[in-house]
Every structure is written in structure tokens, then in C-alpha cells.
Amino acid sequence: MNMEKFQQSMYELIVETSTKLPKDVRRAIARAKARENAGTRAAMALTTIAGNIKMAEENVSPICQDTGLPTFKIKVPVGANQIKMKEAIHAAIVQATKDGKLRPNSVDSLTGKNSGDNLGVGVPVIKFEQWENDYIDVRLILKGGGCENKNIQYSLPCELEGLGRAGRDLDGIRKCILHAVYQAQGQGCSAGFIGVGIGGDRASGYELAKDQLFRSVDDVNPNEDLRRLEEYIMENANKLGIGTMGFGGESTLLGCKIGAMHRIPASFFVSVAYNCWAFRRLGVKIDPETGEITEWLYQEGEDVDFAKELEKAETSAAAQLGETREVVLEPPITEEQIRQLKVGDVVRINGIIYTGRDAIHKYLMDHDAPVDLNGQIIYHCGPVMLKDENGNWQVKAAGPTTSIREEPYQGDIMKKFGVRAVIGKGGMGAKTLQALKEHGGVYLNAIGGAAQYYADCIKSVEGVDLLEFGIPEAMWHLRVENFTAVVTMDSHGNSLHEDVEKSSLEKLAQFKEPVFK
Ligand SMILES: O=C(O)C[C@H](O)C(=O)O
Ligand code: SF4
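As the structure is a computational prediction, the values presented were derived from the model and not from experiment.

## Remarks on the UniProt feature "domain: Fe-S hydro-lyase tartrate dehydratase alpha-type catalytic" (unreviewed entry) in the chain
- Within the UniProt annotation, "domain: Fe-S hydro-lyase tartrate dehydratase alpha-type catalytic" (unreviewed entry) is assigned to residues 8-284.
- Counted over residues 8-284, helix gives 38% and strand 22%. Its end C-alpha atoms are 13 Å apart.

Here it is as C-alpha cells:
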């Protein structure tokens, strides 16, 4: 095979996967958007998502800043040189990282050092299989960390909150899957797609669940029981009211694909792989002689024009603004300003915000902050950054990361440094809510995955600290204009996340009675 050409083909596959969603996924998002009522928070979030999809496509830049763990599944004719193919894929990954199409995402688990080029022990994941066909089939998924953290594995029988006992039968499996959607709440950037693996052991069960994510959103399961179960889940999981970003609403699940394999008598696993709306998976067929792409996969059927979708949304955005209070925040912010904010308010931020995620929060617990954070805003964000020819940092993608990971630190950090607001996604827990009340702080929810939309609000990079933690984990000083987010936790003890979790648990309990006998 022409390896240079194959490397080029892999580069194209990576760039396309990171920057443009496949048609089946685009249609699922458009369907979700059509289901939401104009003027709701969910509709507003989906409009932002639609705008982001369009921008990523136009800018050929990452849809979401978390470009995930690149995972390749490759089928080759007997005789294809897998060692050479692997080398070509590695080279394509390094190039895509240099070009800002992938975030440097590979971190040494022991030292915390970011390799900088997306290579590392076990990274990327490349799985080969031989087949009798005379062409190569390469599929790629870029699955981000926030949704990966919401994967869950059940061992049947078990007892599930809201649903009671789940036994070793189709009905027990049904309960596990509904519970999996419930427990993800908005944290994996709902509305999401799930792949479910029934059976196997803990490792092969998850493998099977992830394999289901390579099925087309629109396919029909050939197994009658699983087809019925998939349809049941699609219909009923959307009644949980979790909605886009966990804001409440009609669309919680965009796709459900279930596979089954044998198990051993003592084990009965149900493994669920959760993927965010930014479902970046694509595939190509490759000519084994020339190394060229002969066909793109997942691209059959109608396409969605997101520019047109956005025109439709114009009126609903206006309707939304009619009822919502919009507040402009310019840091430094006073306690008095914060106390005036209520859950549901939309804020527009102008000025400097500081990124801080996992490494920074841990660090700040027992170190001084590199800048004065009094009255300031921390943004839970690990951006994609590139240096331009003049040596200045450019933001390539910069959406929020899942905030709940900072729950053990957040309240203490806010109090210690006088931070008045944090921006993130998915909400935070009781400890932070209490601290917001005591100290006078707010939690602002940005739209997860909308990395191009927020990058556009960032007008300049004014500095960076702690770059030794790697690009995603450093503290970036970003000057923003009209950075929009929703107050979902205020300083009066209110939390939209707590409310949605409670009401969705009540709704989950409606599905307690057996359905599949
Ligand atoms: O790492 C990130 O930037 C985001 C992550 O995928 C998340 O959803 O928390
Ligand atoms: S931020 Fe959201 S959209 Fe991006 S990878 Fe994480 S879960 Fe997916």
C-alpha cells in the first residue's frame, strides 16, 4: 500500500471527524431541536449547539475542545501490514494535533505530564481485525471525557434507585438502561447517544457497548427483542425530562443501540457507553493498493442545513428574551451584584475570565493563586490553543468542561480567593451550593460542546499561568465579550440541577412495573 497516501487519508478522517458531525447524527440533533418548544432553555441550548456545528464546519475547527481518546477500529484484508498502518496513523495524529484539529489530550497517569502530541502508552487506541473483503474499513470515534465518565456497568441482579429490583432478564436490562440515562443527567452533555452491551465480562461487555456506537443512528436491530427494547428506551427515556444540558425538556436521548453476547453463568453485566451530542464518529473505505479513500461512511440520506435551522430559531430566541432577565457582568464583581442574581437569569460577561480545571483546583488548595482572583470568574475549561507565527496564543476551541469533578474543592477555593462566579457545565453539588450561599457566589452554566461558539466570544489571550500542567490544564487569562451563560445555581440556595435530578427521579419511578415479561 502507498503509506504516504494512507497517512493522508487518515489525516482527512481525523480532521473530518473532529470538525463535522456525520449526517445520521446531524439528523438526530435536528429532530431533537424540532421537539423542543420555542422559548425554553432547552431550545436555546439547542440553538447554540446548531450554531456551533455550523461554525465548526465553516472554520474546520473542533466541534468540541475535548477531542477525546482517538479510537480506531480497522478491518483489513489478509496480508495488510498493520505495523506500517499504525505508524501512519500515529503520524497523522501528531499532524492533526499540530494543526489544532485535536487537543493534546494524552496525559501520563503517574506524572501528570501531557505528551503534547496525543501519543502515549495505549493512546491512540487502534484495533485491527482481518476479514475476507478486498478493501480496508477504518472507523474512528473521538469520544470525550465528560461523557466517558458517565458510562456505567451493572451487574445483575441489582437494586436500582427509583426502579427497584432488576433481575436477569430483558426487563432487568430495561431498568438498567433507563437508570443509565437518569444517572448521566446533563453531565455528559445531553442529549446523548448510548451503546449498550449485554453479557460478556467487564471488559468485553464495555467493548460491545462501545461497538454499538459504530452503528448508524437510523439502523434497525435485526434481533426482534433488542429492536423492541431499543424502541422502548427511545420513547421512554425521553420522558425523564432531563433535556439538553440537564436544563429540562423533551430531548434527553438521541439514539440507543443494544447488542448482546454470551456470558458465563455467574456473571450478567449490562454495560452502557454514553456519548454526548457531539457524537464524533466517522468511517472510510480505503483502497489497499493506493491507500486512498474510496467512500465515506455514515453519510447516506438527507443532510441537515444548520444555517437554515438557525433562521428558524431566530424567532424563538426573541420569545425567550421576552421573559428572561439579562444581566451584564464585568469582573471584578461585588457580593451585592451576585446576590441579585437568580436561577434562570442569563448573564453576559465582558472582561477577563480565568480558566481552571482539575489540576488548577487541586493546586490552589495548597498554593497561592498566580493572579488576584478576588471578585473574579473561573471558567472550567481546557481549551485547544495554538501559537501563531508571531508567537501569540490563538484560541481554537473553548467550551466548558464538567464541573462536578471540582466539587471537593470548589467551595473552599471560592472562599479562599474571593472568587464570585464559576462557569462550567452539568452543575455542581450540595457542598458548592452551600458555599455559594455562605460566600455569595453563583454557578453559571455554559453549553457543553459549544467550543466554537465560545471561542468566538474570546477576543484575546492576555496571559497564561501554570502551563507546566499542559495546555488543557493551564490557567489561561481570556478577554471575553458577550460570553453568555445561564445562572443555574444562585446564592440563595436554589439549584436547577437539584430540581431536575429530583423530578427526573420521580419520573424514573413510573417505569418500575415490568414491561417485558
Ligand atoms: O475535557 C474537556 O474539555 C471536557 C470534557 O469532555 C467534559 O465533558 O468534561
Ligand atoms: S464537553 Fe461535552 S460535548 Fe465535549 S466531549 Fe465533553 S461531554 Fe462531549
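There's plenty left to go through after this.
## Points about the sheet that holds strand β2 (residues 125-131)
- Spatially, the 5 strands line up as an open sheet ordered β2-β1-β3-β10-β11, and their pairing is mixed. Two strands lie at the open edges of the sheet, namely β2 and β11 (293-296), each paired on one side alone. When strand polarity is set aside, the average angle formed by the axes of neighbouring strands in this sheet is 20°.
- Sheet topology note: the strand β1 (residues 69-77)/strand β3 (residues 136-143) ladder contains 7 bridges and is antiparallel. Paired with Leu69 across the two strands is Lys143, which belongs to β3.
- Helix α1 (residues 3-19) rests against β1, β3, β10 (280-286) and β11 of the sheet, and its axis sits at about 155° to β10.

## Notes on the packing of α1 against helix α4 (residues 82-98)
- Where α1 meets α4, the closest approach of the two axes is 8 Å, and the angle between their N-to-C directions is 45°. Regarding the angle of α1 to α4, the classification is oblique. Of the two elements, α1 crosses α4, and the hand of that crossing is right-handed. Of the residues in α4, those in contact with Met3, Phe6, Gln7, Met10, Tyr11 and Ile14 of α1 are Lys84, Met85, Ala88, Ile89, Ala91, Ala92, Ile93, Gln95 and Ala96.
- Grouping the constituent residues of the contact of α1 with α4 by class yields 12 nonpolar, 2 polar and 1 charged.

## Here we look at the site of ligand 2
- Residues in contact with ligand 2 amount to 13 residues; listed here are only the nearest, Cys64, Gly144, Cys189, Cys276 and Arg280.
- Here the shell around ligand 2 is built from residues that sort into 6 nonpolar, 4 polar and 3 charged.
- Taken together, domain 2 (145-275) and domain 3 (324-501) each give at least three residues to the shell around ligand 2, which thus spans both.

## Looking at a negative patch on the surface
- Residues Glu161, Glu498, Asp499 and Glu501 make up a contiguous surface patch of negative charge.
- Here Glu161 shows up in the loop between β5 (158-160) and β6 (164-166).
- Given the relative accessible area of 44%, Glu161 is considered partly exposed.

## Digging into the site of ligand 1
- Every residue near ligand 1 is listed here: Gln65, Asp66, Arg103, Gly145, Gly146, Arg357, Thr401, Thr402, Arg405 and Lys425.
- Here an oxygen atom of ligand 1 and a side-chain polar atom of Arg357 are 3.0 Å apart.
- Arg405 is positioned with one of its side-chain polar atoms (N or O) 3.2 Å from an oxygen atom of ligand 1.
- For ligand 1, the protein covers 94% of the area, taking 270 Å² as the surface of the free molecule.
- Of the residues assigned to the shell around ligand 1, the class counts are no nonpolar, 5 polar and 5 charged.
- Counting residues domain by domain, the shell around ligand 1 receives three or more from each of domain 1 (1-143 + 281-321) and domain 3 (324-501).

## Here's the deal with the sheet that holds strand β4 (residues 152-155)
- With respect to topology, 4 strands assemble into an open sheet ordered β4-β9-β7-β8, the strand pairing being mixed. The open sheet is flanked by β4 and β8 (253-260), the only strands paired with a single partner. The mean inter-strand angle of the sheet, taken between neighbouring strand axes irrespective of direction, is 15°.
- Relative to strand β9 (residues 269-275), strand β7 (residues 192-198) runs antiparallel, the two being bridged by 6 bridges. By the bridge assignment for β9, Phe193 is matched with Asn275.
- The strands that helix α6 (residues 170-184) touches are β4, β7, β8 and β9; relative to β4, the one it contacts most, it runs at about 150°.

## Here's the deal with the packing of aromatic side chains
- Per the stated rule, a full pass over the model turns up 8 aromatic pairs.
- Seen in terms of ring centroids, Tyr379 and Phe483 are 5.1 Å apart; in terms of plane orientation they differ by 80°. Their pairing is edge-to-face. With a gap of 104 residues between them, Tyr379 in strand β14 (residues 377-379) and Phe483 in strand β20 (residues 475-489) connect regions that are remote in the sequence. The exposure classification of Tyr379 matches that of Phe483, with both residues buried.
- With a centroid separation of 5.0 Å and an interplanar angle of 85°, the aromatic rings of Tyr453 and Tyr454 are classed as edge-to-face.
- Within the aromatic cluster, the residues linked to one another by ring pairs are Tyr379, Tyr453, Tyr454 and Phe483.
- Across the ring face of Phe279, the terminal group of Arg281 is positioned such that the distance to the ring centre comes to 4.7 Å.

The rules behind each value
- Residues numbered from 1 in each chain as written.
- Chains lettered and ligands numbered in written order.
- Predicted model: local features only at pLDDT ≥ 70, side-chain atom pairs only at ≥ 80, totals over all residues.
- Heavy atoms only, no water.
- UniProt positions renumbered as here; feature names shortened; annotations may be inferred.
- Helix = DSSP H or I, 4+ residues; strand = E, 2+ residues; numbered from the N terminus.
- Pairing = 2+ DSSP bridges.
- Axes fitted to C-alpha atoms, helices over the stretch in contact; angles between N-to-C directions.
- Contact = heavy atoms within 4.5 Å.
- Parallel < 35°, antiparallel > 145°, perpendicular 65-115°, else oblique.
- Left-handed = near helix turned anticlockwise from the far one by under 90°.
- Nonpolar A, V, L, I, M, F, W, Y, C, P; charged D, E, K, R; others polar.
- Near = heavy atom within 4 Å.
- Domains from an automatic or database assignment.
- Patch = residues over 30% accessible without salt bridge, like charges linked within 9 Å, V, L, I, M, F, W, Y side chains within 5 Å.
- Areas by Shrake-Rupley, 256 points an atom, 1.4 Å probe, with all protein chains shown as cover.
- Salt bridge = Lys/Arg side-chain N within 4 Å of Asp/Glu carboxyl O.
- Lys, Arg positive; Asp, Glu negative; His and termini not counted.
- Charge placed at Lys NZ, Arg CZ, Asp CG, Glu CD.
- Buried < 20%, exposed > 50% of the residue type's maximum accessible area, 1.4 Å probe, protein only.
- Polar contact = N/O pair within 3.5 Å; in protein donor to acceptor, adjacent residues only side chain to side chain.
- Phe/Tyr/Trp six-rings, centres within 6.5 Å; stacked < 30°, edge-to-face > 60°.
- Lys NZ or Arg CZ within 6 Å of the ring centre and 35° of its normal.

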